[in-house]
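The residues making up each chain are set out below.
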Amino acid sequence: LTATDPGGLAASDSFLLTVLPNLPNAGVTTDPLLVTAVNLAARAYSNLHYEVQGKSVAAIDATIQGWSPVPIACFEADLQDHLQVYDHVTRYENQNASASVALTLLNGKRTLGLSFEGTNFALTDSDLVQRMDLWDDLIFVDRHYSRLNDFLTAVAAYANDERNEIEQIVVVGHSLGGAMVQRFMSKYGMTDESYIGITFGSPGNAAHDEIPANRLL
């Protein structure tokens, strides 16, 4: 455009340039919250967990097809060696402890999902490292959480960074994973209403009684 164009721009005109953040893509989830939580908790288990039982990994993935993995590049280099993308989630592993994260739009809100793997009974007979789940489930819950602590600190920082536009954080887990949910919520979700914790078959955790009833289902 030139200054001679009708209604055109002049050299003296000023402009406001808005730069939008380069946000990772998020899918859309239409399932109710509790169904979403069940599906995320199931996907927290490893591919091998299902393969040794003759179950279809693709069928598990299909239940969360509305989720997108958080890019590995969003995490510090020292965590990236422990991360792997499993189709719709980004999975962190440290010895026998594991948690996964993903993004979606749930009820119109940009949502970060955090799911903890539970006691992996399918692998405890054949995998000596995974067998530690049995001790962690019964006695060493805090040890199990400590193996995830660096990753969970980074996840909380990602969720709380306004540039990522996270509106709610859904934290789920089954069995030992449920105890991890309670531990995580006691640290990050006590007063922040954007955090929603949901557990299934949890063995319990001393942190449970500290968490307000409306923060944990």
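Residues numbered from 1 in each chain as written. Predicted model: local features only at pLDDT ≥ 70, side-chain atom pairs only at ≥ 80, totals over all residues. Heavy atoms only, no water.

S.K.: In this structure, what is going on with the packing of helix α7 (residues 149–160) against helix α8 (residues 176–188)? I would like to understand it.
M.R.: The angle between the axes and the distance between the axes are what describe a pair of packed helices. The interhelical angle for the contact between α7 and α8, taken along N-to-C directions, is 50°, at an axis separation of 12 Å. In terms of orientation, α7 and α8 fall into the oblique class. Crossing geometry of α7 relative to α8 is assigned as right-handed. Seen from α7, the contacting residues are Asn-149, Leu-152, Thr-153 and Ala-156; seen from α8, they are Phe-184, Lys-187 and Tyr-188. (Axes fitted to C-alpha atoms, helices over the stretch in contact; angles between N-to-C directions. Helix = DSSP H or I, 4+ residues; strand = E, 2+ residues; numbered from the N terminus. Parallel < 35°, antiparallel > 145°, perpendicular 65-115°, else oblique. Left-handed = near helix turned anticlockwise from the far one by under 90°. Contact = heavy atoms within 4.5 Å.)

S.K.: Just to check I follow, could you spell out the pairing of strand β3 (residues 83–86) for this structure?
M.R.: Taken residue by residue, a regular strand's side chains alternate between the two faces of the sheet. The sheet contact formed by β3 and strand β4 (residues 89–94) spans four bridges and is antiparallel. In the strand pairing of β4, Leu-83 is matched with Tyr-92. In this structure, the hairpin formed by β3 and β4 is closed by a connection of two residues, where Asp-87 is found at a positive phi of approximately 55°. (Pairing = 2+ DSSP bridges.)

S.K.: What's the story with unusual backbone geometry in this structure? I'm lost.
M.R.: Glycine aside, a negative phi is what most residues show, and trans is what most peptide bonds show. If you check the backbone angles, Asp-87 has positive phi at about 55° while not being a glycine. Structurally, Asp-87 can be placed in the loop between β3 and β4. Relative accessible area serves as the criterion here: at 53%, Asp-87 is assigned to the exposed category. Residues other than glycine seldom take positive phi values, yet Ser-175 does so here, at roughly 60°. Relative to the helices and strands, Ser-175 is located in the loop between β7 (168–174) and α8. (Buried < 20%, exposed > 50% of the residue type's maximum accessible area, 1.4 Å probe, protein only.)

S.K.: Please clarify how the layout of surface pockets should be interpreted in this entry.
M.R.: Over the atoms a probe the size of a water molecule is rolled, and this reveals where empty space is left. There is about 220 Å³ of room inside the largest pocket. Around the largest pocket, the lining is made up of ten residues, and of these Cys-74, Tyr-158, Asp-161, Arg-163 and Asn-164 lie nearest the centre. Of the residues that constitute the lining of the largest pocket, the class distribution is six nonpolar, one polar and three charged. (1 Å grid on protein atoms, 1.4 Å probe; cavity = no way out; pocket = protein on both sides within 12 Å on 5 of 7 lines; lining within 4 Å. Points joined across faces, edges and corners; volume = space filled by probe spheres on them. Nonpolar A, V, L, I, M, F, W, Y, C, P; charged D, E, K, R; others polar.)

S.K.: Could you clarify how one ought to interpret the side chain of Ser-98 in this entry?
M.R.: Among the structural elements, Ser-98 can be located in strand β5 (residues 97–106). For Ser-98, a relative accessible area of 2% translates into the label buried. At 2.9 Å, the side chain of Ser-98 and the backbone oxygen of Tyr-92 are in polar contact. Filtering out sequence-adjacent residues up to four positions away, Ser-98 remains in contact with Ala-44, Arg-91, Tyr-92, Glu-93, Phe-116, Glu-117 and Leu-148. (Polar contact = N/O pair within 3.5 Å; in protein donor to acceptor, adjacent residues only side chain to side chain.)

S.K.: Where do I start with a negative patch on the surface in this structure?
M.R.: Together, Glu-76, Asp-78, Asp-81 and Asp-150 line one region of the surface with negative charge. Along the chain, Glu-76 turns up in the loop between β2 (68–69) and α4 (77–80). Overall, Glu-76 belongs to the exposed group, its relative accessible area being 58%. (Patch = residues over 30% accessible without salt bridge, like charges linked within 9 Å, V, L, I, M, F, W, Y side chains within 5 Å. Areas by Shrake-Rupley, 256 points an atom, 1.4 Å probe, with all protein chains shown as cover. Salt bridge = Lys/Arg side-chain N within 4 Å of Asp/Glu carboxyl O. Lys, Arg positive; Asp, Glu negative; His and termini not counted. Charge placed at Lys NZ, Arg CZ, Asp CG, Glu CD.)

S.K.: Looking at this structure, I do not really get the pattern of salt bridges. What am I missing?
M.R.: It is possible for side chains bearing opposite charge to pair when their charged atoms get close. Applying the stated criterion across every chain, the model contains five salt bridges. As a salt-bridge pair, Arg-91 and Glu-93 come within 2.6 Å of each other at their nearest N and O atoms. By relative accessible area, Arg-91 is classed as buried at 4%. Judged by its relative accessible area of 32%, Glu-93 falls in the partly exposed class. A salt bridge links Asp-161 to Arg-163, with the shortest nitrogen-to-oxygen separation between them at 2.7 Å. We classify Asp-161 as partly exposed; its relative accessible area is 21%. Residues participating in the shared-partner salt-bridge network are Arg-91, Glu-93 and Glu-117.

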